[in-house]
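What the coordinates show
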Amino acid sequence: MKTKQILCSTFAACIMVTAIPFSTKAETSPIWKYDFSTQTTDVSGEGFTWNADSKILSLDGLSVIIPEGVNENSAAIRLPKDSVLYLDNDSEIVVESYGCHAVYADGDLTIRGNGERLTLKTTASNADTVHVYRGNINIEDGVTIESYPGGSALYVDEARGNDGVVNITDTAKVEIYDPNDNNFYARDLHTLVRIIYRKPDKPSDSWLNFDEAYKKDDEMVLLTKKTTKEPEKQETDDQNTEKPETEKPETQKPETPKTHNYTLKIGDTAIYKDEKLVAHSDAAPYLSQKGYTMLPLRALLTVFEPDTKIDWKPQTKTATLYFGKNNAVITENSETMIINGEPVKMAQPAQTKDKRFFLSLRDWTKLMGVSSDTLQWNSTDKEVTLTY
């Protein structure tokens, strides 16, 4: 795709530039009330809640405008490194000030939500909708970012490492529109996502971990989860040579395994299968401090796989699972679980609550070997539906 090629070629040709940490440039600027970069205590207000211990900023219908002349060369929302921006409800940030980014982080930033939309608008050419210094941008779950960037939609300054720098996963997406409503006329599309690095760091294709497409009818550039395409098979001369047709014996196609929809609700012990109540778990799902949906492991496994066996070692707080043809070992507070002998990194370590073992929804999909695309989140009713 042409847009992708332009972006990647520009990215690969990116050279070292003089970069000043953003916190230094903002020292003389007025401090806006959404500066959480040094906030060490919990704080909440209309449309937002800040959890200092877990570094999670939850937005619940936040609507704010940064007027011209306020917070110049700063940001509407400022976050420390390793922060999570969690959407509990649709929110909007409009920035009219010079050099003021909509969202800024001093390191890795994760934006997460289950179907909610975050609208970000900046007007100045040096103001980005999401700007990260020396960290990665991770956009996960079902969140949608609607971006109207005066500068870049996503900008990483002084990128480092070999892993993805801009990562869009699950059903998350970024919709980028022209803030001037001019269908990107005379606008270089490669500036919509920019990554700056310093030597000796070297860029790689893995830094841009997403797919992009230009939606002409919507006048929008869409960024989504990266998909792996199988290489096209080239026909050989033997394949091109016509061969006499021979009758092939009829073979019976294997039946496609039937799938079911399982529905759970935050705070409710009921488990529904195809909209019918099939069980009550001994503990209700809840949201972790990092914003992950936590599911009761034993109750859910026995519904999905009735022949499941679980060995629990209280001394090490380790559960060994045997379900179907698979096995897994999960230890409380460990960042890795073992599935069929292979280590798998977890999004959220398993937790014990009310004497019950809980696993995050994201890690549940890894355990069961299903795609996160099979998940549906109802933010209004706080319900999740899994297809398995």
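Everything here concerns the structure above.
Scoring rules and cut-offs
Residues numbered from 1 in each chain as written. Predicted model: local features only at pLDDT ≥ 70, side-chain atom pairs only at ≥ 80, totals over all residues. Heavy atoms only, no water. Axes fitted to C-alpha atoms, helices over the stretch in contact; angles between N-to-C directions. Helix = DSSP H or I, 4+ residues; strand = E, 2+ residues; numbered from the N terminus. Parallel < 35°, antiparallel > 145°, perpendicular 65-115°, else oblique. Left-handed = near helix turned anticlockwise from the far one by under 90°. Contact = heavy atoms within 4.5 Å. Nonpolar A, V, L, I, M, F, W, Y, C, P; charged D, E, K, R; others polar. Salt bridge = Lys/Arg side-chain N within 4 Å of Asp/Glu carboxyl O. Buried < 20%, exposed > 50% of the residue type's maximum accessible area, 1.4 Å probe, protein only. Pairing = 2+ DSSP bridges. Core = buried A, V, L, I, M, F, W, Y, C linked by side-chain atoms within 4.5 Å.

Okay, the packing of helix 4 (residues 297-304) against helix 5 (residues 361-368) next. Two measures define how a pair of helices packs: the angle their axes make with one another and the distance between the axes. The contact between helix 4 and helix 5 brings their axes to 13 Å, and the two run at 40°. Taken as axis vectors, helix 4 and helix 5 run oblique relative to one another. When you trace helix 4 past helix 5, the crossing you get is right-handed. Contact residues: Leu 297, Leu 300, Leu 301 and Phe 304 in helix 4; Trp 364, Leu 367 and Met 368 in helix 5. Among the residues making up the contact of helix 4 with helix 5, the classes are represented as seven nonpolar, no polar and no charged.

Under the defined criterion, the tally for this structure stands at 13 salt bridges. Note that Lys 121 and Glu 92 form a salt bridge whose closest N and O atoms lie 3.8 Å from each other. Residue Lys 121 is located in strand 10 (residues 117-122), and its partner Glu 92 is located in strand 7 (residues 91-95); the two are separated by 29 residues in the primary sequence. Overall, the relative accessible area of 29% leaves Lys 121 in the partly exposed class. On the basis of relative accessibility, which here comes to 29%, the residue Glu 92 falls in the partly exposed class. A salt bridge links Glu 140 to Arg 362, with the shortest nitrogen-to-oxygen separation between them at 3.4 Å. Highlighted residues: Glu 140 in the loop between strand 12 (137-139) and strand 13 (144-148) and Arg 362 in helix 5, separated in sequence by 222 residues. Of the residues examined, Glu 140 reaches a relative accessible area of 14% and is grouped as buried.

Another aspect to go through is the pairing of strand 11 (residues 130-133). Side chains Val 130 and Val 132 of strand 11 all project onto a buried face; the interleaved residues His 131 and Tyr 133 project onto the opposite face, where all are buried too. Judged from the three bridges that link them, strand 8 (residues 101-105) and strand 11 form a sheet pairing that is parallel. For Ala 105, the partnering residue across the bridge sits in strand 11 and is Val 132. Here strand 11 pairs with strand 14 (residues 154-159) via four bridges, running parallel. Within the sheet, the bridge partner assigned to His 131 lies in strand 14 and is Tyr 155.

Backbone geometry places Asn 71, a non-glycine residue, at a positive phi of 60°. With respect to the helices and strands, Asn 71 occurs in the loop between strand 4 (63-66) and strand 5 (75-79). Positive phi values are uncommon outside glycine, yet Lys 382 reaches one of about 55°. Topologically, Lys 382 is positioned in the loop between strand 33 (375-378) and strand 34 (383-387). On the accessibility criterion, Lys 382 (27% relative accessible area) is partly exposed.

What follows deals with the environment of Asn 340. With respect to the helices, strands and loops of the structure, Asn 340 is situated in the loop between strand 29 (336-339) and strand 30 (342-345). Exposure remark for Asn 340: the relative accessible area of 39% places this residue in the partly exposed category. Along the chain, Asn 340 and Leu 367 lie 27 residues apart, while their C-alpha atoms are 9.8 Å from each other.

Another aspect to go through is the sheet that holds strand 32 (residues 356-360). The four strands lie next to each other as 24-25-32-31, forming an open sheet whose pairing is antiparallel. The open sheet has two edge strands with one neighbour each: strand 24 (286-287) and strand 31 (351-353). Pairing of strand 31 with strand 32, which is carried by three bridges, proceeds in the antiparallel orientation. Along strand 32, the bridge assignment pairs Gln 351 with Phe 358. Where helix 4 meets the sheet, it contacts strand 25 (293-296) and strand 32, and its direction lies at approximately 70° from that of strand 25. Of the strands in this sheet, strand 25 and strand 32 are in contact with helix 5, which crosses strand 32 at around 85°.

What follows concerns the nonpolar core. Nonpolar side chains tend to gather and get buried jointly when the protein is soluble and globular. Formed by 51 residues in total, the largest nonpolar core has its most connected members in Leu 57, Ile 93, Leu 109, Ile 139, Leu 154 and Leu 223. Those residues in contact with Ile 93, other than ones at most four positions away along the chain, are Val 64, Ala 76, Ile 77, Ala 102, Val 103, Thr 119, Leu 120 and Lys 121.

Another point: the sheet that holds strand 29. Pairing within the open sheet is antiparallel, and its five strands lie in the order 26-27-28-29-30. Edge positions in the open sheet fall to strand 26 (309-313) and strand 30, since each of these has one partner strand only. This sheet shows a mean twist of 20° between the axes of neighbouring strands, independent of strand direction. One ladder, built from six bridges, connects strand 27 (residues 318-323) with strand 28 (residues 326-331); its direction is antiparallel. Across the sheet, Leu 321 pairs through a bridge with Ala 328, a residue of strand 28. On the sheet, helix 5 packs against strand 27, strand 28, strand 29 and strand 30 and is oriented at approximately 20° with respect to strand 29.

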